[in-house]
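Notes for the structure review
Listed below, chain by chain, are the residues.
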Amino acid sequence: MNDKIQFREDEVYILGRKFVPLINGEKIRRRIVELSKCIENDYRDKIPLFLIVLRGAIFFGVELIKNISIPVNLETIRAKSYGQEMQSSGKVDFELPNCNFEGKDIIVIEDIIDTGLTINEIITALRRKNPNSIEIACLLLKPESLKTDVNVKYLGFEIPSKFVVGYGLDFAEFGRNLQDIFVLSEE
Ligand code: PRP
């Protein structure tokens, strides 16, 4: 039996920690379609270059992009700051992909913005590549955790400053494939 993840009624236990439902998968998918249509409308005369921040944003990014019918370009970037912990290490590891960003209309896709350090460092690095524009699409934002100003043009949901898993978000690499988003229980 798999003891890493266990389900009990609507709760999920990952490595023995209890998580309870926060946002239902259907509601997430409906919101993503709304964001896709906004992007489609805003970029009608452009070809947006989506930059998905791996790994967590894969799920959100794929759902967002597949609901967009204008031509798009796609790149990925690996960024990591959490390791096995529930709090940011404060140090962000990433390397921009080796592609031409000059004159491009970039939309960086994130699953979650917590302190804002990761997205800020990525945007700062991208600005040096002379793109035409940079916007952010992000599924979840924790406004009370922000340590820096971040302007998210396409936002799914604001959430409280609590640890969440599911829909791409992990706890020690588990829980990414949960359909709903769950929050760590305070019990
Ligand atoms: C998560 C998330 C963001 C970042 C947000 O990545 O995907 O990239 O943390 O946190 P911040 O706003 O405090 O910088 P993580 O390091 O957990 O890697 P993962 O996407 O591979 O899970």
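What comes next concerns the included structure. (Residues numbered from 1 in each chain as written. Predicted model: local features only at pLDDT ≥ 70, side-chain atom pairs only at ≥ 80, totals over all residues. Heavy atoms only, no water.)

Another aspect to go through is the pairing of strand S2 (residues 11-14). Both strand S1 (residues 5-8) and S2 contribute to a ladder of four bridges, which runs antiparallel. Along S2, the bridge assignment pairs Ile5 with Ile14. Between S1 and S2, which pair antiparallel in sequence order, lie two residues; one of them, Glu9, sits at a positive phi of approximately 50°. Strand direction decides the pairing type here: S2 and strand S3 (residues 17-23), joined by three bridges, are antiparallel. Within S3, the residue paired with Val12 across the bridge is Phe19. Between S2 and S3, which pair antiparallel one after the other, the connecting turn spans two residues, and Leu15 there sits at a positive phi close to 50°. (Pairing = 2+ DSSP bridges. Helix = DSSP H or I, 4+ residues; strand = E, 2+ residues; numbered from the N terminus.)

Turning to helix H1 (residues 25-42), a few remarks are in order. Taking 1.5 Å of rise per residue, 18 residues should cover 26 Å, and H1 covers 26 Å from first to last C-alpha, within 8% of that figure. All of the buried residues in H1 are Gly25, Ile28, Ile32, Leu35, Ser36, Ile39 and Glu40. Each buried residue of H1 sits inside an arc of 140° when the element is viewed along its axis, so together they form one side. Seen from the buried face of H1, the exposed residues on the opposite side, beyond 90 degrees, are Arg30 and Asn41. One side-chain oxygen of the residue at the start of H1 lies 2.7 Å from the amide nitrogen of Glu26, identifying that residue as Asn24. (Expected span 1.5 Å × (residues − 1). Buried < 20%, exposed > 50% of the residue type's maximum accessible area, 1.4 Å probe, protein only. Arc of directions from axis to C-beta. Polar contact = N/O pair within 3.5 Å; in protein donor to acceptor, adjacent residues only side chain to side chain.)

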